Amino acid sequence: MRLRIEHLKTHFETPAGTVRAVDGLSLEIPPAHTLALVGESGCGKSVTALSILRLVPPPGRFVGGRVVFEGRDLLTLSEREIRAVRGRRIVMIFQEPLTSLNPLLTVGQQVGEVLRLQRRLSHRAAREQTVALLRRVGLPAAEQRSREYPHQMSGGMRQRVLIAAALAGRPELLIADEPTTALDVTVQAQILALLRDLQRTSGMSLLFITHDLGVVAQIADSVCVMYAGRIVERAPSGTILSKPRHPYTRALMRSTPQLTAAGAGDESRVAGFRSRRLPFIPGEVPTALEHPSGCPFHPRCELGRDDPRCRSSEPELVEVGPNHACACWKAPSHPAS
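Keep in mind that what you see is a predicted model, and the values were worked out from it rather than measured.

Let us now look at the overall build of the protein chain. Scanning the protein chain from N- to C-terminus turns up 11 helices and 15 strands. For 337 residues, the compact-globule estimate of 2.2 N^0.38 gives 20 Å, and the protein chain sits close to it at 21 Å. If you line up the protein chain on its principal axes, its C-alpha atoms span 70 × 65 × 40 Å. Burial statistics for the protein chain: of 337 residues in total, 47% are counted as buried. Looking at the protein chain alone, contacts between residues at least 24 apart form 61% of all its contacts between residues at least 6 apart. For the protein chain, the accessible surface area stands at approximately 16100 Å², while carbon and sulfur atoms represent 52% of it. Taken as two groups, the 43 positive and 32 negative side-chain charges of the protein chain have centres that lie 5 Å from each other.

Here the focus is the pairing of strand S8 (residues 205–210). A large share of S8 lies buried, amounting to 6 of its 6 residues. Of the two faces of S8, the one holding Ser205, Leu207 and Ile209 and the one holding Leu206, Phe208 and Thr210 are both buried throughout. Two strands pair when backbone bridges link them, and strand S3 (residues 34–38) and S8 are joined in this way by 5 bridges, in the parallel orientation. Across the sheet, the residue bridging to Leu37 is Ile209, located in S8. Sheet topology places strand S7 (residues 173–177) next to S8; 5 bridges connect them, and they run parallel.

Turning our attention to the environment of Leu289. If you trace the backbone, Leu289 turns up in the loop between strand S13 (273–275) and helix H11 (308–312). Expressed as a C-alpha distance, the spacing of Leu289 and Arg136, which sit 153 residues apart in the sequence, is 45 Å. In this structure, Leu289 is in contact with Thr14, Ala16, Gly17, Thr18 and Val19, ignoring residues within four places of it in sequence.

All right, on to the pairing of strand S10 (residues 230–236) then. As defined by bridge partners, strand S9 (residues 222–227) adjoins S10 across 6 bridges and the pair is classed as antiparallel. By the bridge assignment, Met226 is partnered in S10 with Ile231. Relative to strand S15 (residues 324–326), S10 runs antiparallel, the two sharing 2 bridges. Bridging across to S15, Arg234 finds its partner in Ala325.

The strand order across the open sheet built from 4 strands is S2-S1-S4-S5, with neighbouring strands paired in antiparallel fashion. Every other strand in the sheet has two partners, leaving strand S2 (17–29) and strand S5 (72–73) as the edge strands with one partner each. Of the pairings in the sheet, the one linking strand S1 (residues 3–14) to S2 comprises 10 bridges and is antiparallel in character. Each residue of the ladder has a partner; that of Leu3, found in S2, is Ile29.

A word on unusual backbone geometry. Here the residue pair Pro58 and Pro59 is connected by a cis peptide bond, since its omega of 5 degrees sits within 30 degrees of zero. Looking at the element boundaries, Pro59 is found in the loop between helix H1 (45–52) and strand S4 (60–69). The phi dihedral of Arg54 falls on the positive side, at around 55 degrees, and the residue is not glycine. Topologically, Arg54 is positioned in the loop between H1 and S4. Positive phi is not limited to glycine here, since Glu70 has a value of about 50 degrees. Topologically, Glu70 is positioned in the loop between S4 and S5.

What follows deals with empty space enclosed by the protein. Going through the model one piece at a time under the given rule, you end up with 2 cavities of 30 Å³ or more. In terms of lining residues, the largest cavity is bounded by Arg230, Ile231, Val232, His246, Cys295, Pro296, Glu314, Pro315, Glu316, Leu317 and Ala327. Broken down by class, the residue content of the lining of the largest cavity amounts to 7 nonpolar, 1 polar and 3 charged. Its boundaries defined by the atoms lining it, the second largest cavity holds a volume of some 60 Å³. Taken together, His246, Pro247, Cys295, Phe297, His298, Cys301, Gly304, Cys310, Pro315, Cys328, Trp329 and Lys330 form the lining of the second largest cavity. Here the residues of the lining of the second largest cavity sort into 8 nonpolar, 3 polar and 1 charged.

A word on the packing of helix H3 (residues 107–119) against helix H6 (residues 155–168). For the pair H3 and H6, interaxial distance at closest approach is 8 Å and the crossing angle is 15 degrees. In terms of their interaxial angle, H3 and H6 are classed as roughly parallel. Crossing hand, H3 versus H6: right-handed. Residues Val107, Val111, Val114, Leu115 and Arg119 of H3 form the contact with H6, whose own contacting residues are Val161, Ala164, Ala165 and Ala168. Considered class by class, the residues forming the contact of H3 with H6 number 8 nonpolar, no polar and 1 charged.

We now examine the layout of surface pockets. Vacant regions in the atomic arrangement are exposed by a probe of water-molecule size rolled over the atoms. Counted as a void, the largest pocket has a volume near 450 Å³. The wall of the largest pocket is formed by 21 residues, among which Val91, Met92, Val114, Leu162 and Ala165 lie closest to the centre. Only strand S6 (90–93), H3 and H6 provide two or more residues apiece to the lining of the largest pocket. It is H3 that provides the largest number of residues to the lining of the largest pocket, a total of 6 residues. For the lining of the largest pocket, the per-class residue count stands at 15 nonpolar, 4 polar and 2 charged.

Cut-offs used in this document
Sequence positions are assigned chain by chain, starting from 1 and proceeding in written order. The predicted nature of this model means local features are confined to residues of pLDDT at least 70 and side-chain atom pairs, given and counted, to a pLDDT of 80 or more, with totals for whole chains, interfaces and linings taken over all residues. Side-chain metrics in this entry use all non-hydrogen atoms of the structure; hydrogen atoms and water are not considered. Put simply, DSSP H or I for four residues or longer makes a helix, DSSP E for two residues or longer makes a strand, and each gets a number counted from the N terminus. Our radius of gyration looks at C-alpha atoms and nothing else; its globule reference is 2.2 Å times the residue count to the power 0.38. We call a residue buried when its accessible area falls under 20% of the maximum for its residue type, exposed when it is over 50%, and partly exposed in between, using a 1.4 Å probe and counting protein chains only. Should any heavy atoms of two residues lie within 4.5 Å, those residues are considered in contact. Residue exposure ignores everything except the shown protein chains as possible cover, and the areas themselves are Shrake-Rupley values with a 1.4 Å probe. We score Asp and Glu as negative and Lys and Arg as positive, and we do not count His or the chain ends. Where a charge lies is defined by one atom per residue type, namely NZ (Lys), CZ (Arg), CG (Asp) and CD (Glu). By this definition, two strands are paired if DSSP reports at least two bridges between them. The way it works is a 1 Å grid over only the protein atoms, where trapped points that fit a 1.4 Å probe form a cavity and open points with protein on both sides within 12 Å along at least five of seven lines form a pocket, and then any residue with an atom within 4 Å of a point lines it. Grid points are joined across faces, edges and corners, and a volume is the space filled by probe spheres set on the points. Residue polarity is assigned by list, with Asp, Glu, Lys and Arg as charged and Ala, Val, Leu, Ile, Met, Phe, Trp, Tyr, Cys and Pro as nonpolar; anything else, Gly included, falls into the polar class. Axis geometry follows a simple rule: fit a line to the C-alpha atoms, using only the stretch in contact for helices, then measure angles between N-to-C directions, giving values from 0 to 180 degrees. The labels follow the angle: roughly parallel below 35 degrees, roughly antiparallel above 145, roughly perpendicular from 65 to 115, and oblique for the rest. Helix crossings are classified by the rotation of the near helix relative to the far one: an anticlockwise turn of less than a right angle makes the crossing left-handed, while a clockwise turn makes it right-handed.

Given below as structure tokens:
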């Protein structure tokens, strides 16, 4: 197993109390595998990613659990040892590339710097490899673009530059935190296809963090749905998309925008299709300071809102089918159902 997280707890101590951002999370990512971590903003997805790299800012701290990468618990490594892993064997790319790139350096200088640091290349060799990497990620006119600054490029181009920089160290695990959210749908599809192709050819593992189940079918082998700091459903992507068991997963799927064929005279018709009014999940993700009793989703759940068991007892993540686990008292095949 390339990455195994066991009962990870990342908390923040604040004057108002303890914020349990990640609260007993477990997941596994095999080699050459893509896992999508899905959930609304505030569920703890990004803190999970930062925890893997030990980049959680103060006052965050690890309260319990393990993050085992290639057989070593990253939480027990010295600062020198974790630096040897971070940026080379595990790399992270973010949602908005403009904030991750230095505006004072050309993109070629920035990718080349990674190559020189991680692979000990000469300046000349780094320049050649930089152009090759930019071509590999599909940047048009790569040699010319390598001499440009981030502000001279579109969002999709900047994201390709970040992916090139991430690949420079030949990582074994790439963490992509909402990398396509700020892009239009056409560029988003191109970036997803690029990540999928790069992962297949390099054999790296990919942790893809998103709030959008619509991208899962395009990139993920398996899915973990996260809510209030914990995994509430885990399954292969095809199973999640066709047979979701947790009410939260089903609500996320209903909230995914879709277009359906339009009838004659339909006022909402656009180019032969019509939009539909999106259902929404009532309420909000509970703050980590206001963790509800029982199932954390029950205040928003149409099935468990008034159920005494859902209100008082938190369900464990248990197997409800082949390679399919769910933490819900109402899930079909739950042992206590």
